[in-house]
Amino acid sequence: MSKELNLAAIIYDNDEQPVDKLLHMVAATLNQRGERAAGLTMALNEQGLRREPMALQDLETGKEYSIAQNLGKESQSCCLDPRGLADATNVVRALLERPPKLAVVNRFGQQEIAGKGFRTEFVQLLDAGIPVLTVVKRKFLAQWHEFGGEDAVDLPFSEDEVLQWCDELLSV
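In short, a report on the structure. (Residues numbered from 1 in each chain as written. Predicted model: local features only at pLDDT ≥ 70, side-chain atom pairs only at ≥ 80, totals over all residues. Heavy atoms only, no water.)

## Section: the overall build of the protein
Phase 1 of the analysis: Counting its regular elements, the protein contains six helices and seven strands.
Phase 2 of the analysis: For the protein, the succession of helices and strands along the chain, N to C, is β-α-β-β-β-α-β-α-α-β-α-β-α.
Phase 3 of the analysis: For the protein, the C-alpha radius of gyration of 15 Å lies close to 16 Å, the compact-globule estimate for 172 residues.
Phase 4 of the analysis: Summarising its shape, the C-alpha atoms of the protein cover approximately 50 × 30 × 30 Å along the three principal directions.
Phase 5 of the analysis: When each of the 172 residues of the protein is scored for burial, the buried share is 46%.
Phase 6 of the analysis: Intrachain contacts of the protein at a sequence separation of at least 6 include 65% that bridge at least 24 residues.
Phase 7 of the analysis: When the accessible surface of the protein is split by element, carbon and sulfur atoms take 46% of a total near 9000 Å².
Phase 8 of the analysis: Looking at the protein, you have 18 positive and 27 negative side-chain charges, and the mean spots of the two groups are 5 Å apart. (Helix = DSSP H or I, 4+ residues; strand = E, 2+ residues; numbered from the N terminus. Rg over C-alpha atoms; globule rule 2.2 N^0.38 Å. Buried < 20%, exposed > 50% of the residue type's maximum accessible area, 1.4 Å probe, protein only. Contact = heavy atoms within 4.5 Å. Areas by Shrake-Rupley, 256 points an atom, 1.4 Å probe, with all protein chains shown as cover. Lys, Arg positive; Asp, Glu negative; His and termini not counted. Charge placed at Lys NZ, Arg CZ, Asp CG, Glu CD.)

## Quick word on the packing of helix H2 (residues 82-94) against helix H4 (residues 119-127)
Phase 1 of the analysis: Interaxial distance between H2 and H4 falls to 10 Å at its minimum, and their mutual angle equals 5°. Relative to H4, the element H2 is oriented roughly parallel. Together, Thr89, Val92 and Arg93 of H2 and Glu121, Gln124 and Leu125 of H4 make up the contact between the two elements.
Phase 2 of the analysis: When its residues are assigned to classes, the contact of H2 with H4 shows two nonpolar, two polar and two charged. (Axes fitted to C-alpha atoms, helices over the stretch in contact; angles between N-to-C directions. Parallel < 35°, antiparallel > 145°, perpendicular 65-115°, else oblique. Nonpolar A, V, L, I, M, F, W, Y, C, P; charged D, E, K, R; others polar.)

## What to know about unusual backbone geometry
Phase 1 of the analysis: Along the chain, Glu52 connects to Pro53 via a cis peptide bond; the corresponding omega equals -5°.
Phase 2 of the analysis: Position of Pro53 relative to the elements: it lies in the loop between strand S2 (37-42) and strand S3 (55-58).

## Considerations on H4
Phase 1 of the analysis: Every buried residue belonging to H4 is among Glu121, Phe122, Leu125 and Leu126, and all of these are buried. Down the axis of H4, the buried side of the element spans an arc of 130°, and every buried residue falls inside it.
Phase 2 of the analysis: One or two residues past the end of H4 sits Gly129, with phi positive at roughly 80°. (Arc of directions from axis to C-beta.)

Geometry only, nothing functional implied.
Shown next as structure tokens:
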């Protein structure tokens, strides 16, 4: 990966925190200012929480990509649909052709820790010098730090502080 990473994650504790709504709001604020933020966020329900069944939403087009499989009511298995996730990675890879001021990747989680999900796209964006903002559940902080190294920034669950990081990043 590049020497100077512009990589940050909003750290959250649980799925009841509206972290995906915060990611949407930050991207919308930047776009309203003319600072193009593009990528994927989780599709939201009326309460501003991650919608069930899970879907990713392209910040620029609004197109949604279902990433949930219906495994039945009694299933205890992960319902993540690898095919839907693979389709959605095209949105992030397209950012390499038309770089935004800030790339938004919905999260760094279990899939990325396992070398799957958006892990390759995170590396490609960073290697291309495109700043990346994501979210990370607190229980994955050690793996996040291992991935991003000392240059990865942990941001609190605060719109003001996330926008401050964006402003400092984009003013360079």
